[in-house]
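Report on the structure
So you can see what is in the structure, the chains are spelled out below.
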Amino acid sequence: FYSEEFAKMTPIPGPLFLYCIGARNLGLNELGFGHTGKGGATMRGHIESLLRIIYPRIDLGTDRPQYPRLTIGDVRSYPPFQDFTVSGYFPNGAGGDRIWHPAGAWGGSTRGKSKQWDNDKTEKMSQRLWFELSHKLWPEGGFDYFLAQMRAPGQELYIPTLYFGISPVDPKKVAPPDARSGIYPERGLVMLRMEEGADYWESPAPAVGMRLTTAYAHHVNDSLALTGYYALNRPFYMNPKSDPGYAFGFSRSVRSHCSVMVDGHVKVEDWGKTGSIEPQFTDDTETRQDFAPEVKFVAARTKKRYEGVDETRSLFLTHEYLVDFSAHSSAKPRSYTWIIHTYGEAQPEGRQWRESQELAELIPQLFDEKSLATAGRSWSVTTRQVGREEELPDSPLGEAWFARKLGIRMTMLGEEGTTGYATRTPRPGNAQADPAGLVNGVTILAARKTPATMFISLHEPFEGEPRITDFRQIARTSEAAAVAVAGANVNDRLLLKIGDQHDEPVTLEGEDGESFKFAGHGFVRVTPEQVHVRGDVRGLRLRVGKSQPQLLVNGAAPAGAPATQDGEFLVWEKSEPALGWNMRPSPPPR
């Protein structure tokens, strides 16, 4: 992977390609395309790393969609669009992929009165040329699939440049590359994809990215942040930048990321001008994962993001929703602020919301604040992607963008001492962008002050209306939680164990008679015909009603003792291997 934010990858691949071609022409291919670095890096791998961080295509309301990619660092954009590998075309004709990038920094012709940056620089190869050359070198790599998406409206074939001698690309004959979920610890990246394989790229199935805690060049304070949540061929969550130029203040702070801020009220002086304690970067992160067909699971734990705070962020991604467990514990009370950024029109649910200014000192850049004293109860905010009363006359977003009636509903389980907030995201101040932004940003927050807490939230993208009707806690301890999700064609249980003994089994029992014995994590999906269990589940007592479903544990019928019916409950416990006479442990020495 490139070591900075990926927007700044622009100047690097072109010169690297030219160097490798020159080395090959001199008979020194082992110094170019044939070279493998100490960490396994190759020129092909450098370019293919882009494919690992692309989200599914975005429907722009035309037959030329956009293919966005994971966005981090200090040059990210304001919603709804951030970095992309294929720009696509909007209904007003805007869009299209460049062949060359201008010579000046940041994509302009000049940066200013600086001999270091201006006047004598060379134009840079764009992604079109990278992918043309990659297709020439590695025709089986799937780069032609993306070239086909770069064709202009009305073009039946992608017409390449004459530089590399490749033929026109027929979109009917291209084979998309394989796409998988993955964790890349050295680069600090996670990509979860519900649809995997070649069908991923055009699927409406969701994908989510997450940053781990490793450092990178031109970073911002984004450790343990969601980097994007895409579903239904549309972006929903992303991390907005509002400052001009390099990110400072709000845009460098964890405040501008879908993460959790600890002790944000403590004022400090720092080079990023954030004015508060910010999370640290560290290699002290443990990850675990399970990429099953029914659910993609990842958990990341560190004790060094904020000194003295043990933190674990765990994600369960399904076709219908994302559940986020964000757990934090300390020896003393801390101020925890959970943050999500989306866009559209927020509709907080319930009548107890009121206008307030409680965040004025903590995050002064937010505005139009509404707050809710939750009294320990669950609460929800629905954000709909609707047009503004007065749209910009030259906005590339056409009527088709809003006609789909898309939105996302966030529901957080109750915990004592929680205050919920729905606010407006700071507007962009970058002179290179439209000062009003294409959409209105929405920021949703939850604040608590306690030694230890677990933010448990469900996020449901929808078209028309939400379909999840029930999200509730079954049981919870300081290091384990079991929750239930129900709705149209959904009847699930999600189980999570954290802490030093996360791989040791625990049993959680609910008031309705259900119980689960598990270690690490578990996922249970109930249908009338089958119960699918994923993860390290050792036993269960599950309400199934009058149906008699087949139990499948990690894709197969459980070995040993079968499941049994006890009235409306399905009961099963994993068989432990019996100890024979010669397998008994020796008695302790006298």
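Read on for an overview of the structure. Being a predicted model, the structure only gives us computed values, none of them experimental.

**Observations regarding the overall build of the chain**
- Check the secondary structure of the chain and you find 5 helices and 30 strands.
- Computed over the C-alpha atoms, the radius of gyration of the chain is 25 Å, within 12% of the 25 Å expected from 2.2 N^0.38 for a compact globule of 590 residues.
- Its C-alpha atoms give the chain principal-axis dimensions of roughly 80 × 60 × 55 Å.
- Here the chain holds 590 residues, and 55% of them are scored as buried.
- Once local pairs closer than 6 in sequence are excluded, the contacts in the chain between residues at least 24 apart make up 62%.
- Surface summary for the chain: the accessible area is close to 25,800 Å², and the carbon and sulfur share equals 51%.

**Section: helix 1 (residues 13-25)**
- Between its first and last C-alpha atoms helix 1 spans 18 Å; for 13 residues at 1.5 Å apiece the expected length is 18 Å, and the two agree.
- Within helix 1, the full set of buried residues consists of Pro13, Gly14, Phe17, Cys20, Ile21 and Ala23.
- Of the surrounding secondary structure, the elements contacted by the buried residues of helix 1 are helix 2 (43-48), strand 4 (124-125) and helix 3 (127-137).
- Downstream of helix 1 by a residue or two, Gly27 has a phi angle that is positive, lying close to 80°.

**Here we look at the environment of His319**
- By the secondary structure assignment, His319 is in the loop between strand 13 (309-317) and strand 14 (322-343).
- Separated by 10 residues in the primary sequence, His319 and Ser329 have C-alpha atoms spaced 31 Å apart.
- Contacts of His319, omitting those with residues within four sequence positions, involve Met194, Glu195, Ala205 and Pro206.

**Quick look at the pairing of strand 9 (residues 234-237)**
- In this structure, strand 8 (residues 226-231) lies alongside strand 9, joined through 3 bridges in antiparallel fashion. When the sheet's bridge partners are listed, Ala231 is paired in strand 9 with Arg234.

**Describing helix 3**
- Where burial is concerned, most of helix 3 is hidden: 9 out of the 11 residues are buried.
- Structurally, helix 3 contributes buried residues whose contacts are with helix 1, helix 2, strand 2 (84-86), strand 3 (100-101), strand 4 and helix 4 (143-149).

**Describing the sheet that holds strand 9**
- Strands sit in the order 5-6-7-8-9 across an open sheet of 5 strands; the sheet is antiparallel. Looking at strand neighbours, the two that pair on one side only are strand 5 (182-184) and strand 9, the edges of this open sheet. Between one strand and the next, the sheet's axes are offset by a mean angle of 15°, whatever the strand orientation.
- Direction of pairing for strand 7 (residues 207-211) relative to strand 8: antiparallel, over a ladder of 4 bridges.

**Remarks on unusual backbone geometry**
- Cis rather than trans, the peptide bond between Pro79 and Pro80 has omega equal to 5°.
- Tracing the backbone through its elements, the reader meets Pro80 in the loop between strand 1 (67-68) and strand 2.
- Backbone geometry at Asn233 places phi at a positive 55°, although glycine is not the residue there.
- Tracing the sequence through the fold places Asn233 in the loop between strand 8 and strand 9.
- Owing to a relative accessible area of 13%, Asn233 belongs among the buried residues under this scheme.

**So, the environment of Thr85**
- Here Thr85 lies in strand 2.
- For the pair formed by Thr85 and Ala561, sequence separation is 476 residues and the distance between their alpha carbons is 51 Å.

Parameters at a glance
Residues numbered from 1 in each chain as written. Predicted model: local features only at pLDDT ≥ 70, side-chain atom pairs only at ≥ 80, totals over all residues. Heavy atoms only, no water. Helix = DSSP H or I, 4+ residues; strand = E, 2+ residues; numbered from the N terminus. Rg over C-alpha atoms; globule rule 2.2 N^0.38 Å. Buried < 20%, exposed > 50% of the residue type's maximum accessible area, 1.4 Å probe, protein only. Contact = heavy atoms within 4.5 Å. Areas by Shrake-Rupley, 256 points an atom, 1.4 Å probe, with all protein chains shown as cover. Expected span 1.5 Å × (residues − 1). Pairing = 2+ DSSP bridges. Axes fitted to C-alpha atoms, helices over the stretch in contact; angles between N-to-C directions.

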